[in-house]
Amino acid sequence: MANYLLIDFGSTFTKLVAVDSVESEIIGTTSDFTTVETDISEGYQRALAKLFSKIGKKIEFEQVIACSSAAGGLKMAAIGLVKELTVEAAKRVCLGAGAKVDLVFAHHLNQSEIKQIFDEKIDIILLAGGADGGNFETVVFNANALGKAGIKIPVVYAGNKSVQDEIIEIFEKYNMDGHICDNVMPAINVLNITSAKEKIREIFLKQIIEAKGIKKIESEINKVVLPTPSAVLEAAKLLSEGYLEEPGLGEIVIVDIGGATTDMYSICSSSKRSDVIIHGLEEPFAKRTVEGDLGMRYSAPGIVKSLSEREINFINKDKGVDIVNEVNRRYANVKLLPENTHDEFIDQFLGEMCAYRAMHRHCGRIHEVLTPMGKVFNQTGKDLSDVAYVIGTGGVIINSKHQYQILRQTTNILHNPSELRPNDPEFLVDHNYIMAAMGLLAKIKPLLALKIMKKHITQIRGNQNEISK
Amino acid sequence: MKTIVIGVIGADVHAVGNKIIEYTLTKSGYNVVNIGVLSSQEDFINAAIETNADIIMVSSLYGHGEIDCRGMRDKCIESGIENILLYVGGNIVVGKQDFTEVKKRFIEMGFNRIYPPGTPIDEALKDIHADLGE
Ligand code: B12
């Protein structure tokens, strides 16, 4: 008998998933409010008590593993040289490591930008700039600027390798917490995620979780291994690729609509076509994007912000609501749970908007160039056309009575030929909210995690013609 | 090692000459950053900034070179690489125009070296050596 307990210390809820490895089954799931302001173990103990009463007895766990996005998650600043190149590469590395990228800076840093690093209480800085052998003046300037300003938080250097030695000297001169890794963009348009991502995770484990009040609980659990989004990314990769003899689902997209952000994950290659010319920075096979202005509560106002007056009027008339008032109500009360059909209706609508917009930003673009030999296509970003499954997770999708309506927003419903959205995917839902937990379990028991995901991440609720293609 | 950014500008897909240029310049001892066909002015400039390039060498084969290259020097100035050398060659304008006129227009646009159709890249090599003080 071996039971595992997986914990996700979320910004609002601490979620528990208990797993029985012999039966390859979930024993139970519970949650309670995260109590990071006082003592994180209070909320955990309450959730655990709920779990035991649900099962009807106390059980022992072989291992207890946790991920965390409590206390603001892992907050990072990404610094590079050119927006489309090293800045974008640095940003992707941070997102791939499960961080929230609160600040993004290009070229020489100025004092007001450095001040923001302090004000925003950034946890880790990723400093990039220059291809190997290329521009070095800017990173050296920026490292000096950070040093002079008295930055003491960890700085991960992942820029031009030719000035590593100078950067190390600057780190030493100003007594900084500097870390050196491989360049995020060693050559033009080449993306190198691994080294910097591993370094960020290492620092997260050694230093950040302590600062976030999670260390307090270490006596009760075995370890905190990952930031939550990074656990979801691990789960998504496993579910896509499979493990040993157990096949995966192939190429997938995951949409996770939360209170503060909408996260989108795609596990697929950039393109399978031979008639396209791909432009821009290389795309990661497992890609995560985060929309900080699209969310159901904290970020609800962001959903209407980009709408014009006319669009808002149209929505109000079409849906018979006051949408601005509704998003403000949700922003003012982030713990609001839908109490009636009206609230449900608004949440459903906001969820649909988040899914549509987040995909708009995540997917690639294609443009035709005409030649006498026929059409040639110029592509930037990832082509998701052939993705087999779009999987929904997060409260609004899991609780929705019309899951199909939210998930179909990720496809090309407006028939915009330039957006490379999924064409005709099947829709699945993470009904028991287990993806982050399975990403943790994947670290020790990948086969078990995969089997449980395949059993529990299943068809959407809804009528038959919505469910089957 | 000196760095040269090469590519084919605009909606131009002529890919063969671009590969030959990459081969020749690499063999001649340069760090060649090839951004390929269908490249915008911004693609050239961004690559040049990140790689600290010495020369941007623009190819245009399909005849729209003048439109595609307009404003490129200004963007270089805005981007802080005002001193970079700009070369252009291929079949930069349509048909058989008087090349001294064409050259004049490209000089006004801020290009340093302008090559008529059929100029092999080897011929440009001596200019590269001269311009880079080699
Ligand atoms: C093959 C070809 C195509 C192929 C390209 C396939 C591909 N993916 O590469 C296809 C069929 C797609 C094509 C399409 C078109 N083509 Co075409 N194509 C040619 C052709 C026959 C050969 C080009 C080639 O590969 N040459 C061999 C390489 C090695 O030479 P190169 O490209 O000239 O490059 C060398 C030099 O120019 C020089 N060079 C290049 N850049 C630079 C830069 C510097 C700084 C220097 C010093 C030197 C230099 O060095 C290179 C290496 O030695 C030429 C005609 C010709 N014989 O040149 C027409 C030609 C280039 N095409 C032409 C045209 C008009 C087109 C089209 C607009 C329509 C059409 N009428 O066919 C479309 C445009 C498509 C697009 N959007 O780009 C015209 C251009 C006319 C002009 N500029 O006045 C040409 C000259 C044919 C003609 N005489 O009408 N084309």
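Within any chain, residue numbers begin from 1 and follow the written order of that chain's sequence. Labels are handed out in written order, letters beginning with A for the chains and numbers beginning with 1 for the ligands. Confidence filtering applies because this is a predicted model: local features only for residues at pLDDT of at least 70, side-chain atom pairs given and counted only at 80 or more, and all residues used for totals across whole chains, interfaces and linings. As a convention, hydrogens and water are excluded, and side-chain values are obtained from all of the structure's heavy atoms.

Q: Mind showing me how you'd approach the coordination of the cobalt atom of the ligand here?
A: Octahedral metals with six donors have ideal donor angles of 90 or 180 degrees. Tetrahedral metals with four donors have an ideal donor angle of 109.5 degrees. In this structure the cobalt atom of the ligand is ligated by exactly one protein donor, H14 of chain B (NE2), at 2.3 Å. Here H14 of chain B shows up in the loop between β1 (3-8) and α1 (16-27). Donor selection uses N, O and S atoms within 2.8 Å of the metal (3.2 Å for Na, K and Ca). Since no water is included, sites may look incomplete. Note on conventions: DSSP H or I runs of at least 4 residues are helices, E runs of at least 2 residues are strands, and numbering of each starts at the N terminus.

Q: Would you mind going over the site of the ligand with me for this structure?
A: Here a residue counts as near a molecule or strand whenever at least one of its heavy atoms sits within 4 Å of it. Looking at the ligand, there are 31 residues lining it, with A11, V13, H14, A15 and S59 of chain B nearest. The local environment of the ligand is shared, drawing residues from chains A and B. Separating an oxygen atom of the ligand from a side-chain N or O atom of D12 of chain B is a distance of 3.3 Å. N91 of chain B places a main-chain nitrogen or oxygen 3.3 Å from a nitrogen atom of the ligand. Counting only elements with at least two residues in the shell around the ligand, the list comes to β15 (365-371) of chain A together with α1, β3 (55-60), β4 (85-90) and α6 (121-131) of chain B. Side-chain atoms alone can form a polar contact between residues adjacent in sequence; in general such a contact is a pair of N or O atoms within 3.5 Å, and within protein one must be able to donate a hydrogen while the other accepts it.

Q: Sorry if this is basic, but what is going on with helix α5 (residues 164-173) of chain A here?
A: One full turn of an α-helix is made of 3.6 residues, so residues set three or four places apart face in the same direction. Residue and element names in this part refer to chain A. A simple rule labels every residue: compare its accessible area, found with a 1.4 Å probe on the protein chains alone, to the largest value its type can have, and call it buried under 20%, exposed over 50%, or partly exposed in between. For α5, every residue scored as buried is listed here: I167, I170 and F171. All buried residues of α5 lie within an arc of 100° about the axis, which places them on one face of the element. Opposite its buried face, α5 presents the exposed residues D165, E169, E172 and K173, each directed more than 90 degrees away. We call two residues in contact when some of their heavy atoms are within 4.5 Å. Those residues of α5 that are buried are in contact with α4 (137-148), β8 (155-157) and β9 (178-180). Directly after α5, the chain includes N175, whose backbone phi takes a positive value near 55°. In this context, the arc is that of the directions from the helix axis out to the C-beta atoms.

Q: What am I meant to see in the sheet that holds strand β5 (residues 113-114) of chain B here?
A: Within a beta sheet, neighbouring strands are joined by backbone hydrogen bonds and run either parallel or antiparallel to one another. Residues and elements named next belong to chain B. Each pair of strands is called paired provided DSSP finds at least two bridges between the two strands. Overall, parallel pairing links the five strands, which are arranged β2-β1-β3-β4-β5 in an open sheet. Edge positions in the sheet fall to β2 (31-34) and β5, since each has one partner strand and no second. With axes taken as lines fitted to C-alpha atoms, and helix axes fitted only over the stretch in contact, angles between N-to-C directions fall between 0 and 180 degrees. Helix α2 (residues 41-51) rests against β1, β2 and β3 of the sheet, and its axis sits at about 165° to β1.

Q: Is there a simple way to think about the interface of chain B and chain A in this case?
A: Taken together, the contact between chain B and chain A spans 14 residues of the former and 20 residues of the latter. Summed over both partners, the interface of chain B with chain A buries about 1,300 Å², with 66% contributed by carbon and sulfur atoms. Here the buried area means the combined drop in accessible surface, using a 1.4 Å probe, for two parts upon being joined, counting both sides. By the criterion of area lost to chain A, the three top residues of chain B are L38, N46 and E50 of chain B, representing 47% of everything that side buries. Side-chain classes are defined by residue name, with Ala, Val, Leu, Ile, Met, Phe, Trp, Tyr, Cys and Pro counting as nonpolar, Asp, Glu, Lys and Arg as charged, and the others, Gly among them, as polar. Residues of the side of chain B that touches chain A, tallied by class, amount to eight nonpolar, four polar and two charged.

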